[in-house]
Amino acid sequence: MALSSAVEARLPGPLERGGRVRLWWVPVGPARVGAWEDLLTEDERARAASYRRPADRAAFAARRAGLRLLLAAELGAAPLEVRFGADGLGRPRLENPRGSDVTFSVSSRGAWAAIALGRGVDVAVDLEQLVDLPFDELAAYALGPDEREAIRGSRDPRRAFFEAWTRFEALVKLEGRGLAAALAERVGGAAEVANVPAPEGYVAALAVATPRSGPPR
């Protein structure tokens with residue numbers, strides 16, 4: 001995979017934060033895992049091999065390779081110098097010392113992965129494919145009354161549901177509390193969240209926290 005295969009998205013001003021937040025679309029359609037083997041660690045190759053479906057193996061490899069290439073370009077590092085860990089909430093983080101202020105978030109569905117990068121600010125992205133499902137039931141379970149009313153009044157209720165759902169999921173990911181906790185107590189906090197342009201047949205949202213003060217977590 002070449003970095004040129006990633007397409008950078010145009011973000012609304014409040015989300016861009018003066019260039020500190022960027023979002024890319026990375027194709028993860030059917031392909032051989034071997035096409036990206038050189039960009040995976042030994043552990044990542046083993047993880048890719050654990051997927052039963054070839055398409056899932058290829059999608060994982062493409063996601064991780066795309067993320068590593070984008071982060072390497074951001075850090076000015078070689079791709080395999082980019083190493084991953086997790087913060088106290090289990091959210092993925094860079095282990096590279098020179099990338100201590102760089103955050104990222106990945107979401108993948110179908111043929112695309114969305115990869116968001118932040119500098120000194122936490123980010124979270126959610127991507128969903130427009131599919132047929134009982135969204136009335138899901139909306140009643142997960143969304144507030146104002147959002148459900150907006151969905152019912154929309155000319156495209158399915159899209160309106162997925163737009164609301166991706167905003168909700170992006171905030172859940174940003175806070176790192178998990179879906180069950182978020183449903184028990186509505187997510188909030190100091191963050192900007194909005195839907196962002198996505199490939200045809202998809203809906204996405206990006207959440208950006210207020211800039212961190214003090215040392216990175």
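Please read these numbers as outputs of a predicted model, since none were measured by experiment.

Colleague: When you look at the pairing of strand β6 (residues 112-119) in this model, what are you seeing that I'm missing?
Modeller: Note on strand geometry: in a regular strand, side chains alternate between the two faces of the sheet. For β6, the tally of buried residues reaches six of eight residues, placing the bulk of the element in the interior. The pairing of strand β2 (residues 21-27) with β6 spans seven bridges and is antiparallel. Bridged to Trp24 within β6 is Ile115. Pairing analysis gives eight bridges linking strand β5 (residues 102-109) to β6, with the strands arranged antiparallel. Residue pairing across strands places Val106 opposite Ile115, the latter belonging to β6.

Colleague: Teacher, can you tell me more about the sheet that holds β2 here?
Modeller: Pairing between sheet strands relies on hydrogen bonds along the backbone, with the strands arranged either parallel or antiparallel. Taken together, four strands build an open sheet; the order of strands is β1-β2-β6-β5 and the sheet is antiparallel. Because the sheet does not close on itself, it has two edges, and the strands there are β1 (7-8) and β5.

Colleague: Could you clarify how one ought to interpret the packing of aromatic side chains in this entry?
Modeller: Each aromatic ring pair is specified by the distance between its two centres and by the angle formed by the two planes. Per the counting criterion, the structure on display carries six aromatic pairs. Their ring planes at 70° and their centres at 5.5 Å tell us that Phe84 and Phe104 sit as a pair that is edge-to-face. Placement of Phe84 in strand β3 (residues 84-86) and of Phe104 in strand β5 is noted, with a sequence separation of 20 residues between them. Three or more aromatic residues joined by ring pairs form one cluster here, namely Phe135, Phe161, Phe162, Trp165 and Phe168. Lying over the aromatic face of Phe84, Arg64 brings its terminal NZ or CZ to 4.5 Å of the ring centre.

Colleague: Just to check I follow, could you spell out the environment of Phe60 for this structure?
Modeller: Within the fold, Phe60 resides in helix α3 (residues 54-75). Distance from Phe60 to Arg45, taken between C-alpha atoms, is 9.6 Å for residues 15 residues apart in sequence. The residues touching Phe60, leaving out its near neighbours within four places in the chain, are Glu44, Arg47, Ala48 and Tyr51.

Colleague: What am I meant to see in the packing of helix α2 (residues 42-49) against α3 here?
Modeller: Helix packing geometry: the angle between the two helix axes and the distance between the axes. In contact at an axis separation of 8 Å, α2 and α3 are set at 150° when each is read in the N-to-C sense. Here α2 is positioned roughly antiparallel relative to α3, judged by the angle of their axes. In this structure, α2 uses Glu44, Arg47, Ala48 and Ala49 to contact α3, whose residues at the interface are Arg57, Phe60, Arg64 and Arg68. Grouping the constituent residues of the contact of α2 with α3 by class yields three nonpolar, no polar and five charged.

Colleague: Explanation requested: the confidence of the model for the protein chain in the structure shown.
Modeller: Segments scoring low in pLDDT should not have their predicted coordinates read at a detailed level. On average, residues of the protein chain score 84 in pLDDT, and 85% of them are at 70 or above. Element-level mean pLDDT values for the protein chain span from 48 in helix α7 (residues 179-184) up to 96 in strand β7 (residues 123-129). In the predicted structure, residues 213-217 sits below a pLDDT of 50 and forms six contacts with residues beyond four places in sequence or in another chain.

Colleague: Help me out: how do you make sense of the sheet that holds strand β9 (residues 202-209) in this one?
Modeller: The sheet built from three strands is open, its strands ordered β7-β9-β8 with antiparallel pairing. Since the sheet does not close on itself, it has two edges, and those belong to β7 and β8 (191-196), each with one partner. Within this sheet the neighbouring strands show an average axis-to-axis angle of 15°, counted without direction. Here seven bridges tie β7 to β9, and the two strands are oriented antiparallel to one another. Residue pairing across strands places Gln129 opposite Tyr202, the latter belonging to β9. On the sheet, helix α6 (residues 157-175) packs against β7, β8 and β9 and is oriented at approximately 35° with respect to β9.

Colleague: Sorry if this is basic, but what is going on with the layout of surface pockets here?
Modeller: Empty space among the atoms becomes visible once a probe the size of a water molecule is rolled across them. Its volume calculated, the largest pocket comes out at about 450 Å³. In terms of lining, the largest pocket is formed by 20 residues, of which the most central are Pro92, Phe104, Ser105, Val106 and Ser107. A total of five residues in the lining of the largest pocket trace back to one element, the largest contributor, which is β5. Of the residues belonging to the lining of the largest pocket, the class tally is nine nonpolar, four polar and seven charged. Its volume calculated, the second largest pocket comes out at about 160 Å³. Around the second largest pocket sit Thr41, Asp43, Glu44, Arg47, Arg64, Arg68, Val82, Arg83, Phe84 and Glu95, which together line it.

Reading the values: the criteria
All residue numbers refer to positions counted from 1 along the written sequence of the respective chain. Totals for whole chains, interfaces and linings use all residues, but because this is a predicted model, local features are given only for residues with pLDDT of at least 70 and pairs of side-chain atoms are given and counted only at 80 or more. Calculated side-chain values reflect all of the structure's heavy atoms, with hydrogen atoms and water omitted. For every residue, the accessible area (1.4 Å probe, protein chains only) is compared with the maximum for its type, and the residue is labelled buried under 20%, exposed over 50%, or partly exposed between those bounds. Under the scheme used here, helices are H or I runs from DSSP no shorter than 4 residues and strands are E runs no shorter than 2 residues, and both carry numbers assigned from the N terminus. When DSSP finds two or more bridges between two strands, those strands count as paired. Between 30 and 60 degrees the pair is tilted, below 30 it is stacked and above 60 it is edge-to-face, where a pair is any two Phe, Tyr or Trp rings, Trp via its six-membered ring, whose centres lie within 6.5 Å. We call a charge positioned over a ring when the NZ of a Lys or the CZ of an Arg lies within 6 Å of the ring centre and within 35 degrees of the ring normal. We call two residues in contact when some of their heavy atoms are within 4.5 Å. Lines fitted to the C-alpha atoms define the axes, with helices restricted to the stretch that makes contact. Angles between their N-to-C directions range from 0 to 180 degrees. The labels follow the angle: roughly parallel below 35 degrees, roughly antiparallel above 145, roughly perpendicular from 65 to 115, and oblique for the rest. Nonpolar residues are Ala, Val, Leu, Ile, Met, Phe, Trp, Tyr, Cys and Pro. Charged residues are Asp, Glu, Lys and Arg, and all others, Gly as well, are polar. Values of pLDDT, ranging from 0 to 100, describe the predictor's confidence in every residue of the model. Lining residues are defined by having an atom within 4 Å of a point belonging to a cavity or pocket. Those points lie on a 1 Å grid over the protein atoms alone, cavities being sets where a 1.4 Å probe fits but cannot get out and pockets being open sets with protein on both sides within 12 Å along at least five of seven lines. Grid points are joined across faces, edges and corners, and a volume is the space filled by probe spheres set on the points.

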